[in-house]
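Residues per chain, in single letters:
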There are 2 protein chains.
Amino acid sequence: VKKQARQGKAGKTGKVSQEPLLLGIDLGGTKILSAVVSARGEIISRDRSATPSAGGTEAILRALLDSASSALGQAALKAADLVAIGVGAAGFSDPETGILYTSPHLPRLKDAPLRDVISRETGVETFLINDASAAALGEYLFGAGRKARHFIYVTVSTGIGGGIVINGELYTGATGGAGEIGHMSILHDGPPCSCGGRGCWETLASGTALAREAQRAIESGAPTSILAHAGGELSRVTAREVHAAALRGDALAEELISRTGYYLGVGLANLLNIFNPELVIVGGGLTRLGDRLLTPAIKTAGERAFPRAFRAARFAAAALGGDSGVLGAAAYALQRAGGQPGPG
Amino acid sequence: VKKQARQGKAGKTGKVSQEPLLLGIDLGGTKILSAVVSARGEIISRDRSATPSAGGTEAILRALLDSASSALGQAALKAADLVAIGVGAAGFSDPETGILYTSPHLPRLKDAPLRDVISRETGVETFLINDASAAALGEYLFGAGRKARHFIYVTVSTGIGGGIVINGELYTGATGGAGEIGHMSILHDGPPCSCGGRGCWETLASGTALAREAQRAIESGAPTSILAHAGGELSRVTAREVHAAALRGDALAEELISRTGYYLGVGLANLLNIFNPELVIVGGGLTRLGDRLLTPAIKTAGERAFPRAFRAARFAAAALGGDSGVLGAAAYALQRAGGQPGPG
């Protein structure tokens, strides 16, 4: 992890930069990432904490504030040095109310007034947005989406999230919930999803889906080395163990990843037909599976989408890795506060 | 069909209106509708012709020009009186090239340079757009979408088409193909679709799908009066005959329509989760089935979409009937020619 001390940067110019400083927070199901960020997308300092596994809204709010303090402390800054704070949170939130209503990956959070609590505790104007929308904005301003007018950002990990950029602007819908592409059903009578739907894209094409299918195949007695990679414990089989087995030529592991790629491609084809985007950015932890996942995904998209929609779209890997969320959340906060983020 | 003579209107004001006049053309799989339209959305004259069932691109181009002449003639106008011509065509076209590349419902048309031929033959600046996008713009400016910022227009007839309005502007994608929501797969291994995909929404929730399922049920010996409504000929069973049977209490017909409504709702839920729109406008011939179709559709959407996305969306019936396409195509042409259409 790259860390840059605030002093180091200030030292180069002989004084503290006049650029607006922001704090971006990325709240996920397992980790909280906070970073002090410049308007140009430089990361000044960074804190990474675990999302508390016990306690409700209170515990998570406390962890968010602690993480923010830590990032500020590392940069030798106070909250008063910030122009704004942006929070990107997994789940269904509304930028206008600042409330995180529900979060499939943070079920203990419900109707949590993240924006107002953080704003009150820090004294800094705060804005709340969906985490994948934040990441899309980060990629648009500083990553793989630079100069694209219309693009879809797809992040594939335990679930599937998305962000939509249209005419160079993040599209968040009527109440901030746009981009829940992972909950597009591609199998109307398929597996039940945590959202209440069935056969949602993420029930078939996510890391969770891959692990579930691997566990099923092992239980049904399919010959494979996947279980050995998980120390012989079925419940410890995740996408990572399937990948490890595939890297050593395990045929079932190869087949399962390819099948996940096929499902990924079905959803991509839908998005190409709906949005006719010029660019599709694919990120998230599951893309570590690389070409084993992405080659069948893009092949399937090409077979199923309108040929002209497929040809119009470029596919690119997310360029900012785990930082897209904090960079995008910070940029969103600056935009909402009236400033203009960008690489300068 | 309402017809208004140009002279009648001019007579009222004592002189010919100074408002910009446009010609809108709506090219569908079975009919061509042309209308002289004012910038404020008044229809001055109208021609309705059948799409030629024989011949290729040439025959269709000739029919388009004949229909345009007829509409102009009825209004006692010449092409030179028009500011611009807008063509809304079923299929995959690109406003930038003016070419209709492919059309599932007009398979004889391929790479047809509609814009340039019509422009050359009439001497009037011409613009080409997808028919459902045109209808969405028509509903936005003059119909059920007035004052909505973000909405999705869904038209359900032999297929399913769509138009997307975001921030008060028609969104047509990178190459004019956005809005092909009918080709979003909701059953990845479902029935093959004319587009090359499988289980596309329109293979399950369109009038064609309803007719196919009715024919299958009849063939398998299900007790029903549907066949009697089609004069005993299986191949003449369409959505209309299923509807006629349902109106007389035929249980199978009721069940088939309700099932089509369920599929319609699955796709609507997907669109709610993806776009979080404030409004969904549903139009097209199949909506004549009324509540039998729409009640299960909206119920299913409510069960499957994120509750907040469902609650944020209002559902409205298209308000312009068969005129949305010509009104929208004309308005699109005026916008592209630098003018500003609207109800004034």
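This write-up is about the structure you can find in this document. Just so it is clear, the structure is predicted and the values come from calculations on it, not from any experiment.

Conventions adopted
- Residues numbered from 1 in each chain as written.
- Chains lettered and ligands numbered in written order.
- Predicted model: local features only at pLDDT ≥ 70, side-chain atom pairs only at ≥ 80, totals over all residues.
- Heavy atoms only, no water.
- Salt bridge = Lys/Arg side-chain N within 4 Å of Asp/Glu carboxyl O.
- Buried < 20%, exposed > 50% of the residue type's maximum accessible area, 1.4 Å probe, protein only.
- Helix = DSSP H or I, 4+ residues; strand = E, 2+ residues; numbered from the N terminus.
- Least-squares fit on C-alpha atoms with pLDDT ≥ 70 in both.
- Contact = heavy atoms within 4.5 Å.
- Pairing = 2+ DSSP bridges.

**Some words on the pattern of salt bridges**
Residues and elements named next belong to chain B.
Logical step 1: This model, assessed by the stated rule, comprises 23 salt bridges over all chains.
Logical step 2: Between arginine 212 and glutamate 213 there is a salt bridge whose closest N-O contact spans 3.0 Å.
Logical step 3: Residue classification places arginine 212 among the partly exposed positions, given a relative accessible area of 23%.
Logical step 4: Here arginine 216 and glutamate 213 are joined by a salt bridge, their closest N and O atoms 3.3 Å apart. Of this pair, arginine 216 and glutamate 213 are both found in helix H6 (residues 207-219), three residues apart, which corresponds to roughly one turn of the helix.
Logical step 5: For arginine 216, a relative accessible area of 48% translates into the label partly exposed.
Logical step 6: Overall, the relative accessible area of 29% leaves glutamate 213 in the partly exposed class.

**Details of the relation of the copies chain A and chain B**
Logical step 1: For the pair chain A and chain B, the best superposition has an RMSD of 0.0 Å and corresponds to a rotation of 180 degrees with a translation of 0.0 Å parallel to the axis. Such values leave the two copies arranged in the relation of a two-fold axis.
Logical step 2: Of the interface residues in chain A, 100% have counterparts in chain B that sit at the interface too, so the contact is made through matching surfaces.

**Here's the deal with the pairing of strand E9 (residues 151-156) of chain A**
Residues and elements named next belong to chain A.
Logical step 1: Buried residues dominate E9, accounting for six of its six residues.
Logical step 2: A two-sided burial pattern is seen for E9, the buried positions comprising Phe151, Tyr153 and Thr155 on one face and Ile152, Val154 and Val156 on the other.
Logical step 3: As defined by bridge partners, E9 adjoins strand E10 (residues 160-166) across six bridges and the pair is classed as antiparallel. Across the sheet, threonine 155 pairs through a bridge with glycine 161, a residue of E10.
Logical step 4: Between E9 and E10, which pair antiparallel and follow one another directly, the connecting turn spans three residues.
Logical step 5: Note: E9 against strand E12 (residues 279-283), five bridges, orientation parallel. Bridge pairing links tyrosine 153 to isoleucine 281 in E12.

**Overview of unusual backbone geometry**
Residues and elements named next belong to chain B.
Logical step 1: Even without a glycine there, the phi angle at lysine 147 is positive, about 75 degrees.
Logical step 2: With respect to the element layout, lysine 147 can be found in the loop between helix H4 (131-142) and strand E8 (151-156).
Logical step 3: One non-glycine residue with positive phi stands out, namely asparagine 167, at about 55 degrees.
Logical step 4: Within the secondary structure layout, asparagine 167 lies in the loop between strand E9 (160-166) and strand E10 (169-171).
Logical step 5: Overall, the relative accessible area of 43% leaves asparagine 167 in the partly exposed class.

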